[in-house]
Amino acid sequence: MNRVFRALVANDLRLFFSDKRALVATMFVPIMLASFFAMIFGGGDNSKKATIAVLVADADQSKVSRKIIEGLRTEGSFTLTPTSEEAARAAVRIGKASVALVIPKDFGKQSASAMFNPMAPRPKLTFLYDPAHNADLQMARGLMTQQVMQVVSQEAFPNPEVTGMGLSNPCEMESEAVVAKKPNEPKDASGGKASATHVFIGMGVQGLLFFAIDFAIGMVRDRRLGLWKRLRAAPISRLMLLGSRWISSTLIGLVVLSAVLAFGAMLYGIRVNGSTVGFLLLAVASSLMVAAFGLLIAALGRTEGQCRAFAVPAVLTMSFLGGAWIPTFMMPAWVQPISQLLPTRWAVDGFDLVTWRGLGLVETLPSLGVVLLFALIFAGFALARFRWED
């Protein structure tokens, strides 16, 4: 009994250490991922957080408003860009900026008057914001409150030894989520669903990638069992074999993605507020891309263990850097351009555009084109590396 037990243990160890590629990947991947995430979130000098892009529409152009803007600029957390209110609204709506500040005309005069007279009309500062960047909004509001009180009080009391008693708030601050909304909805109704929509989109794309791993492992298993050799005797070309697998896995991927988003629609009210055609095309393109990625895994891996060893970290990296886990704006500045080299980033951003952002087909075309390009690249490499036998 002891001899049999030892033999079984020895056999498992022999099988594990005989697959050199899987062995190296199994030991190397955790080290690589741990080092990567530590480098991103380790808090060292190289993990400098990106500054927040804030658009400023200053209709006042007074001494007070200019001092407030300069105070925000010197604080160091923002990159301020002057623009008009219309341009700022359009930029926030498509995700080009996270926050925009609208300073109304006569803000300087009215704020000083409201500070001394509680009955006087108070000017209104409006923050146009992207609901996916709520943290940026809160930081902008906090620093803006500080700058307004400091600048307006300095203008009212040029002598620092004078203390004003019984002063009131010099202005009001209003936040508006710039998203698609129905005519009768309040301003922030659609914005409240942005986070839930983004999460379901990200997890849906990641679910497709993990399906691709299972699909690839199944193909490698069929090859190991000799099924591909028998199909070749039919005869069936490799283009026909890979093409049929590509289409079938694309259809399965569409079912997976549809199930995830349908669940989100039922429980969290996720809606396609933009182009329905763009949404459907993105779903097909993403499924094609992920199915081609599965073919590439099957073409590169010689065994099931090898496929799993290098595909799982690849999927995790693509999901994380592509914004499926956390929004990309929360990552360090040097990481964000890297994420644009991944198909997952374009897929997630594209779905964001046609769902809670409510944009049309034209705005979705760049994301759609990049995802389809990656699908063709993955499929081309898979066809080039295809082998009938191990």
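One structure accompanies this document, and this report is about it. Model, not experiment: these values are computed from the prediction. (Residues numbered from 1 in each chain as written. Predicted model: local features only at pLDDT ≥ 70, side-chain atom pairs only at ≥ 80, totals over all residues. Heavy atoms only, no water.)

Our next topic: helix α3 (residues 63-75). For α3, built from 13 residues, the straight-helix expectation of 18 Å at 1.5 Å per residue is met to within 8% by its first-to-last C-alpha distance of 18 Å. Those residues of α3 not exposed but buried are Val-64, Ser-65, Ile-68, Ile-69, Gly-71 and Leu-72. In a view along the axis of α3, the buried residues occupy a sector of 155°, so they form one face of it. Phi for Gly-76, located one or two positions after α3, is positive at around 100°. (Helix = DSSP H or I, 4+ residues; strand = E, 2+ residues; numbered from the N terminus. Expected span 1.5 Å × (residues − 1). Buried < 20%, exposed > 50% of the residue type's maximum accessible area, 1.4 Å probe, protein only. Arc of directions from axis to C-beta.)

Turning our eyes to something else, we now look at the sheet that holds strand β2 (residues 78-82). Spatially, β2-β1-β3-β4-β5 is the arrangement adopted by the 5 strands of the open sheet, whose pairing is mixed. Two strands in the sheet have a free side with no partner beyond their single neighbour: β2 and β5 (172-177). Ignoring strand direction, the axes of neighbouring strands in this sheet form an average angle of 25°. As defined by bridge partners, strand β1 (residues 52-58) adjoins β2 across 5 bridges and the pair is classed as parallel. The residue of β2 that forms the bridge with Ala-53 is Thr-79. (Pairing = 2+ DSSP bridges. Axes fitted to C-alpha atoms, helices over the stretch in contact; angles between N-to-C directions.)

A separate point is the nonpolar core. Ranked by internal contacts, the top residues of the largest apolar core, which has 56 residues, are Trp-246 and Phe-293. Where this core is concerned, the elements lending two or more residues are α7 (194-224), α9 (238-268), α10 (276-300), α11 (304-321), α13 (343-354) and α14 (361-384). Each residue touching Trp-246, except ones within four places of it in the same chain, is listed here: Leu-288, Ala-291, Ala-292, Leu-295, Ala-375, Leu-376 and Ala-379. Core analysis: the next-biggest nonpolar cluster, separate from the first, contains 26 residues, Val-56, Leu-101, Met-115 and Val-152 among them. (Core = buried A, V, L, I, M, F, W, Y, C linked by side-chain atoms within 4.5 Å. Contact = heavy atoms within 4.5 Å.)

Below, the discussion takes up a nonpolar patch on the surface. A cluster of nonpolar side chains, namely Val-277, Leu-281, Leu-361, Val-362 and Leu-365, defines an oily patch on the protein surface of about 420 Å² accessible area. Elements supplying a minimum of two residues to the nonpolar patch: α10 and α14. At 3 residues, α14 tops the list of elements feeding residues into the nonpolar patch. Judged by relative accessible area, Leu-365 falls into the partly exposed class, the value being 43%. (Patch = residues over 30% accessible without salt bridge, like charges linked within 9 Å, V, L, I, M, F, W, Y side chains within 5 Å. Areas by Shrake-Rupley, 256 points an atom, 1.4 Å probe, with all protein chains shown as cover. Salt bridge = Lys/Arg side-chain N within 4 Å of Asp/Glu carboxyl O.)

For the coordinates displayed, the defined rule picks out 10 salt bridges. Among the salt bridges present, the one from Asp-222 reaches Arg-245, with a minimum N-O distance of 3.6 Å. Separated by 23 residues along the polypeptide, Asp-222 in helix α7 and Arg-245 in helix α9 bring together distant segments of the chain.

So, on to the packing of α7 against α13. If you want to describe how two helices pack, look at the angle between their axes and the distance between the axes. Contact geometry of α7 with α13 gives a least axis separation of 10 Å together with a crossing angle of 140°. Judged by the twist between their axes, the crossing of α7 over α13 is right-handed. When α7 is examined against α13, the residues His-198, Ile-201, Gly-202, Val-205 and Leu-209 are found in contact with a partner set consisting of Thr-344, Val-348, Phe-351 and Asp-352. (Left-handed = near helix turned anticlockwise from the far one by under 90°.)

A few words on the packing of aromatic side chains. For the coordinates displayed, the defined rule picks out 7 aromatic pairs. Ring centres 6.4 Å apart and planes at 35° place the aromatic pair Phe-200 and Phe-263 in the tilted group. Note that Phe-200 is positioned in helix α7 and Phe-263 in helix α9, a separation of 63 residues in sequence. Both rings, one in Phe-279 and one in Phe-351, keep their centres 5.6 Å apart while their planes meet at 70°; by these two values the pair is edge-to-face. Of the two residues, Phe-279 is situated in helix α10 and Phe-351 in helix α13; the sequence distance between them amounts to 72 residues. You'll find Phe-279 and Phe-351 in the same group, each marked buried. Following the ring pairs from residue to residue traces out a cluster consisting of Phe-200, Phe-263 and Tyr-268. (Phe/Tyr/Trp six-rings, centres within 6.5 Å; stacked < 30°, edge-to-face > 60°.)

This part takes up the packing of α10 against α11. Relative to each other, α10 and α11 sit at 150°, their axes nearing to 10 Å. Note that α10 runs across α11; the crossing there is right-handed. Counted together, Phe-293, Ile-297 and Leu-300 of α10 and Cys-307, Phe-310, Ala-311, Ala-314, Val-315 and Met-318 of α11 form the full contact between these two elements. Grouping the constituent residues of the contact of α10 with α11 by class yields 9 nonpolar, no polar and no charged. (Nonpolar A, V, L, I, M, F, W, Y, C, P; charged D, E, K, R; others polar.)

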